[in-house]
Amino acid sequence: MKAGDLRLGAWLALLVLEGLALAVTFDSAALASLPHGWWTIALAPAGSIMPLAAAIGAALILVSWARPGSFNFPFRARSRAWLDVLVQVAVFAALFAVTAKLFALDDRRTGALSPERVGGLVAGWLALAAATAVTWLRIGMPLRTLGAVLRRRASLLLLAGALGAAAYAVGHLAQGLWLPLRRATFDVASLLLRGVVDDPIIDPDHLVIGTPRFTVEIAPECSGYEGVGLSWVFLGTALWLFRDRLRFPRAFLLLGVGTIVPWFANAGRLVALVLVGSYVSEDAAAGAFHSYAGAILFCAIALAIVALALRSPWLSVEPAAREPAGHAPDENPHERFTNPVAPYLVPFIALVAAGMLSRALSSTTHEPLALLRPLAGALALAVYARFHRRIAVWPSWFAVPAGLFVAGIWVVMEAIANPAAPTRAPTGLLGSGAAWMAIRGVAATSLVPVIEELAFRGFLARRLSSRDFERLSPRRMTLLGIVGAALAFGLLHRRPVAGTLAGLCYAVVYRHRGKLADAIVAHATTNAVLLVVAWALQWWDLWM
């Protein structure tokens, strides 16, 4: 990945993070407590800004994706760009502080404030919002070129804006069709909730689900039609934009997928809403999460459906874009993905991100979203299945003994580090029952070894050895690459020393024959042995 692409990605990520910080922290419903004035009209669309922005952003991605090169943004990289970043962050901090003050006003306080005082606060808030946008733009390009960019890309921006607005409008209007799906949505959400909490509240008479700490009623906006309507607009547009790359009439099946997947995802969103309200924050669940999570989720689902369709040989007439030239030893020399890093790191990033979300919504004895981690990892692997098939070779005979050797080292080091508690009962591990235990065991011996070896040995060890890691044979990995990747691997584990030694052993296995499958099998063997020993001796600290 080029340095310019990284800087562009960081610039866009800054905008997304700041938008999410405002959307998740503050609920636009609080603005209803303000007294009426000139600001009433100005602030009326505040609750629609985030969902509409998500829809327009997804539309811009879809349109520019269908026409490569149509939106080459003139991003600049200056030697003193850090100063612009500091100024922008300072302006955003001021906006955040004023937003907190504005949204904290209630009827009692605003009644004691003069309209001039409230109007001044709103005017300052709007001015800071504009200054935040201007300073963000200035990081990426000189403001004097903004007009030229808008003129050159006017048609693309107008098309994306119209498509995004149409998707948002259709999704919003579709809420009026909620009655037939309300009961079905309630039934599916209830079934999912029973699987992740021990004390669910299910009220079929009032269509309410939740826990003793937080409940949700299946209201019109929760029925699922909004997500289906928004997805149909995006997918219908994609069928036209990618008409030369999709197989028809098969491609029309995407509309069916765009109906079923968002509807089930909406039921999952309701369960997530209950979990956020029960275990994280009632205010966040009732406010920002409830208002904005759906729009972002449905836009992401629509784009993911298009991406998977374009990668599917059954639906697409054109393979994924590739570059010629170098190749990794485990790859076909005639095929190479445009982004060589993504197949190695995206599954690992998805697994870690899902784990962070799962733990954030967990208690000390219960992890209701434990299934999210293996699902996210499996989905990410499926996206790059065409790439990963190249490493699926028959492993060498020494892979399993190497894994047994690492497991022996791990058991010894755990016994030395914690000799007084070899039979300690698991805490939180079995809180959801034996089914979760089985799922975790399968993931630890199948998905996790593949994902972690791709990231640490397949990518990091070779990248630390050579900038052009794809051309580097594993047998030529340097000591820096092997040790550096092993240290990073060890830091992910509760026992860093044991994890580092394990990483060194897996690197030696990988280097011996140059096949990542050997390291994966050795890693899977280690995890399987540790799981069996932990279960047999009830020594759960060994495996947690």
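One can find the structure itself at the top, above this paragraph.
Worth saying up front: this structure is predicted, and the values here are computed from it rather than measured.

Trainee: Quick rundown of the nonpolar core? Include the residues and the values.
Mentor: Judged by nonpolar contacts, the single largest core of 41 residues is most densely connected at Y344, W410, L454, M477, A502, Y506 and L516. For this core, the secondary structure elements donating two or more residues are α13 (342–360), α16 (399–417), α18 (447–465), α19 (479–491), α20 (496–513) and α21 (516–537). Here the element with the most residues in this core is α18; it accounts for eight residues. If sequence neighbours within four positions are ignored, W410 has contacts with H493, R495, A498, G499, A502, L530 and L542. With 31 residues, the next largest nonpolar core counts A58, V233, L235 and V306 among its residues.

Trainee: If you had to explain the pairing of strand β3 (residues 214–217) to someone new, which residues and values would you point to?
Mentor: Of the two faces of β3, only the one carrying F214 and V216 is buried; T215 and E217 on the other face are not. Looking at chain direction, strand β2 (residues 208–211) and β3 are connected through four bridges and run antiparallel. In the sheet register, G210 faces β3, and the bridge partner there is T215. Two successive antiparallel strands, β2 and β3, enclose a turn made up of two residues.

Trainee: A description of the environment of R440 should follow, citing residues and the corresponding values.
Mentor: You can see R440 is positioned in helix α17 (residues 434–445). A relative accessible area of 17% means that R440 is categorised as buried. Between the alpha carbons of R440 and A370 there is a distance of 8.1 Å; along the sequence they are 70 residues apart.

Trainee: Give a description of the pattern of salt bridges that names residues and reports values.
Mentor: Under the defined criterion, the tally for this structure stands at four salt bridges. In this structure, the salt-bridge partner of E453 is R457, at a minimum N-O distance of 2.8 Å. Residue E453 and its partner R457 are both found in helix α18; the two are separated by four residues, about one turn of the helix. Accessibility classification places E453 together with R457 in one group, the buried group. Here R471 makes a salt bridge to D468, at a shortest N to O gap of 2.5 Å.

Trainee: Tell me what's going on with the side chain of R457, and back it up with residues and numbers.
Mentor: With relative accessibility at 1%, the residue R457 sits in the buried group. A distance of 2.8 Å separates a polar atom in the side chain of R457 from a polar atom in the side chain of E453. Those residues in contact with R457 that lie beyond four places of it in its chain are E452, R462, M477, A485, A486, F489, G503, Y506, A507, Y510 and L516.

Trainee: Quick rundown of the environment of A461? Include the residues and the values.
Mentor: Within the secondary structure layout, A461 lies in helix α18. With 23 residues separating them in the primary sequence, A461 and G484 have C-alpha atoms 6.9 Å apart. Those residues in contact with A461, other than ones at most four positions away along the chain, are F456, M477, G481 and A485.

Trainee: Any details on helix α10 (residues 225–241)? Residues and values, ideally.
Mentor: Think of an α-helix as 3.6 residues a turn; residues three or four steps apart then line up on the same face. In this model α10 runs 24 Å from its N-terminal to its C-terminal C-alpha over 17 residues, within 8% of the 24 Å that 1.5 Å per residue would give. Within α10, 14 of the 17 residues are buried, leaving the element largely enclosed by the surrounding structure.

Trainee: Give me unusual backbone geometry: which residues, what numbers.
Mentor: In most cases, non-glycine residues show a negative phi, while peptide bonds are predominantly trans. At L207, a residue that is not glycine, the phi angle is positive and equals roughly 55°. Here L207 lies in the loop between β1 (201–203) and β2.

Trainee: Give me the sheet that holds β3: which residues, what numbers.
Mentor: If you walk across this open sheet you meet the three strands as β1-β2-β3, and the pairing is antiparallel. Where the open sheet ends on each side, the last strands, each with one partner, are β1 and β3. Across this sheet, the average inter-strand angle for adjacent strands is 15°, counted without regard to direction. Bridge count between β1 and β2: three bridges; the pairing is antiparallel. Bridging across to β2, I202 finds its partner in I209. Sheet strands touched by helix α11 (residues 253–279): β2 and β3. Its angle to β3, the strand with the most contacts, is close to 150°.

Trainee: An account of the environment of V85 is needed here, citing residue identities and associated values.
Mentor: Along the chain, the position of V85 falls in helix α4 (residues 81–103). Sequence separation between V85 and W136 is 51 residues, and the spatial gap between their C-alpha atoms is 7.7 Å.

Trainee: Give me the lowdown on α19, citing residues and values where you can.
Mentor: A rise of 1.5 Å per residue sets the reference length of α19, with its 13 residues, at 18 Å; its end C-alpha atoms lie 18 Å apart and thus fit the reference within 8%. Taken as a whole, α19 has its buried residues at G481, I482, A485, A486, F489 and G490. Along the axis of α19, the buried positions cluster into a sector of 155°, meaning they face one direction only. The exposed set on the far side of α19, more than 90 degrees from its buried face, consists of L479, L480 and L491. The elements touched by buried residues of α19 are α18, α20 and α21.

Trainee: Quick rundown of the packing of helix α14 (residues 372–383) against α18? Include the residues and the values.
Mentor: The contact between α14 and α18 brings their axes to 10 Å, and the two run at 60°. By the angle between their axes, α14 is oblique relative to α18. Our pair here, α14 against α18, has a crossing hand that is left-handed. Contacts between α14 and α18 involve P374, G377, A378 and L381 on the former and, on the latter, L447, V450, I451 and L454. Among the residues making up the contact of α14 with α18, the classes are represented as seven nonpolar, one polar and no charged.

Trainee: For the pairing of β2, give the residues involved together with the corresponding values.
Mentor: Both faces of β2 are covered, namely the face carrying V208 and G210 and the face carrying I209 and T211. Taking the residues between adjacent antiparallel strands as the criterion, β1 and β2 are bridged by four residues, where L207 takes a positive phi near 55°.

Calculation notes
Residues numbered from 1 in each chain as written. Predicted model: local features only at pLDDT ≥ 70, side-chain atom pairs only at ≥ 80, totals over all residues. Heavy atoms only, no water. Core = buried A, V, L, I, M, F, W, Y, C linked by side-chain atoms within 4.5 Å. Buried < 20%, exposed > 50% of the residue type's maximum accessible area, 1.4 Å probe, protein only. Helix = DSSP H or I, 4+ residues; strand = E, 2+ residues; numbered from the N terminus. Contact = heavy atoms within 4.5 Å. Pairing = 2+ DSSP bridges. Salt bridge = Lys/Arg side-chain N within 4 Å of Asp/Glu carboxyl O. Polar contact = N/O pair within 3.5 Å; in protein donor to acceptor, adjacent residues only side chain to side chain. Expected span 1.5 Å × (residues − 1). Axes fitted to C-alpha atoms, helices over the stretch in contact; angles between N-to-C directions. Arc of directions from axis to C-beta. Parallel < 35°, antiparallel > 145°, perpendicular 65-115°, else oblique. Left-handed = near helix turned anticlockwise from the far one by under 90°. Nonpolar A, V, L, I, M, F, W, Y, C, P; charged D, E, K, R; others polar.

What is shown is where atoms sit, not what they do.
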